[in-house]
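Secondary and tertiary structure notes
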Amino acid sequence: MLEFVSYDPSMSLMKYIFVDLDECVLHSNFLGAHFNPGAKKDRVIAKATKVYGPVFELDRELYTTKMRPGALDLLRRLREIYGNEYVRVLTSSVTSYANKNNEIHGFGFRPDQIFAREDMNKMNFGIKEKVIPFIPGRVALIDNLPPRDNHEKLEYLHPLLDRGFVSYVTVTEFWGYEDDYPFDDKYISEIVERIEDGFAS
């Protein structure tokens, strides 16, 4: 739940960057083999790890997960520009899934920097649990979905704005293939430029 401290106009302009997970910085596949009585769990995990990458178990279900090439470079660049404290996750997935992927891929987010489905639901139902002090400022969202398909996230971020709109950066979807538009230097520079263009509008 977003909670705000008193806003002093004389304070430096705050800039918050929120990054999506699925099909943005990673791609996961649901294996579901855990529920197949004829499947050998260890064999399934070994094969999936070889083909897809890391495998993790969550709520008795198995998933593979693969990080987008350059994702760590993107996060590093954003943190260099905007500060580690102001780069965060906003995902429609559940918190346990987000935390697990954060751990596996070494994204470096603290638990209080990850905003997930439960947080957006609590906001919708007016329940306060995750309390983070925010000063209203500029807000950017990096996501694979177009804005028209992301109303819930935009609604969640809206109270954080001091004015204007969320600086929205749509990136090409990542489906787990090495050549799926990696975040190379050129793409990262383009993302930062689009964030700043949004902040300036």
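What counts and how
- Residues numbered from 1 in each chain as written.
- Predicted model: local features only at pLDDT ≥ 70, side-chain atom pairs only at ≥ 80, totals over all residues.
- Heavy atoms only, no water.
- Helix = DSSP H or I, 4+ residues; strand = E, 2+ residues; numbered from the N terminus.
- Buried < 20%, exposed > 50% of the residue type's maximum accessible area, 1.4 Å probe, protein only.
- Contact = heavy atoms within 4.5 Å.
- Areas by Shrake-Rupley, 256 points an atom, 1.4 Å probe, with all protein chains shown as cover.
- Axes fitted to C-alpha atoms, helices over the stretch in contact; angles between N-to-C directions.
- Parallel < 35°, antiparallel > 145°, perpendicular 65-115°, else oblique.
- Left-handed = near helix turned anticlockwise from the far one by under 90°.
- Nonpolar A, V, L, I, M, F, W, Y, C, P; charged D, E, K, R; others polar.
- Polar contact = N/O pair within 3.5 Å; in protein donor to acceptor, adjacent residues only side chain to side chain.
- Pairing = 2+ DSSP bridges.
- Core = buried A, V, L, I, M, F, W, Y, C linked by side-chain atoms within 4.5 Å.
- pLDDT = per-residue confidence, 0-100.

This part takes up the overall build of the chain. Scanning the chain from N- to C-terminus turns up 6 helices and 10 strands. Here the chain, with 201 residues, has 45% of them falling under the buried criterion. Contacts spanning at least 24 positions in sequence make up 77% of the contacts within the chain whose residues lie at least 6 apart. When the accessible area of the chain is evaluated, it comes to approximately 10500 Å², of which 53% is carbon and sulfur surface.

Take the packing of helix α2 (residues 71-82) against helix α6 (residues 185-200) next. The interhelical angle for the contact between α2 and α6, taken along N-to-C directions, is 40 degrees, at an axis separation of 10 Å. Compared by their axis directions, α2 and α6 come out oblique. You can see that α2 and α6 cross each other, and the crossing is right-handed. Contacts between α2 and α6 involve Asp73, Leu74, Arg77, Leu78, Ile81 and Tyr82 on the former and, on the latter, Ile188, Ser189, Ile191, Val192, Ile195, Glu196 and Phe199. Within the contact of α2 with α6, the residues separate by chemical class into 9 nonpolar, 1 polar and 3 charged.

Inspection of the secondary structure puts Tyr82 in helix α2. On the accessibility criterion, Tyr82 (9% relative accessible area) is buried. Taking the C-alpha atoms as reference points, Tyr82 and Ile17, 65 residues apart in sequence, are found 7.8 Å from one another. A polar atom in the side chain of Tyr82 sits 2.6 Å from the side chain of Glu196.

Take the sheet that holds strand β9 (residues 138-143) next. Strand order in this open sheet of 5 strands is β7-β6-β2-β9-β10, and the pairing throughout is parallel. Only two strands of the sheet have a single neighbouring strand rather than two, namely β7 (114-115) and β10 (167-170). As judged from the 3 bridges shared by strand β2 (residues 15-19) and strand β6 (residues 87-90), these two strands associate in the parallel manner. Paired with Phe18 across the two strands is Arg88, which belongs to β6. The sheet strands contacting α2 are β2, β6 and β9, and the helix crosses β2 at an angle near 170 degrees. Lying on the sheet, α6 is in contact with β2, β9 and β10; it crosses β10 at an angle near 155 degrees.

Our focus in this paragraph is the nonpolar core. If you look at soluble globular proteins, the nonpolar side chains tend to sit buried side by side. Membership of the largest hydrophobic core comes to 32 residues, with the highest contact counts inside it found for Ile17, Val19, Val25, Leu78, Ile142, Ile191 and Ile195. Every element with two or more residues in this core is listed here: β2, β4 (55-58), α2, β6, α3 (95-105), β9 and α6. Looking at this core, the element that brings in the most residues is α6, giving 6 residues. When residues no more than four places from it in sequence are discounted, the contact partners of Ile142 are Ile17, Phe18, Val19, Asp20, Cys24, Leu78, Val169, Val171, Ile191 and Ile195. Counting 17 residues, the second-largest nonpolar core is a separate cluster that includes Met120, Ile135, Tyr156 and Leu160.

Below, the discussion takes up the confidence of the model for the chain. Per-residue confidence for the chain gives a mean pLDDT of 86, with 85% of residues at or over 70. Model confidence for the chain, summarised as mean pLDDT per element, is weakest for strand β1 (residues 2-4) at 44 and strongest for β10 at 98. This stretch, residues 1-12, has a pLDDT under 50; its non-local contacts, to residues over four places away or in other chains, come to 32 contacts.

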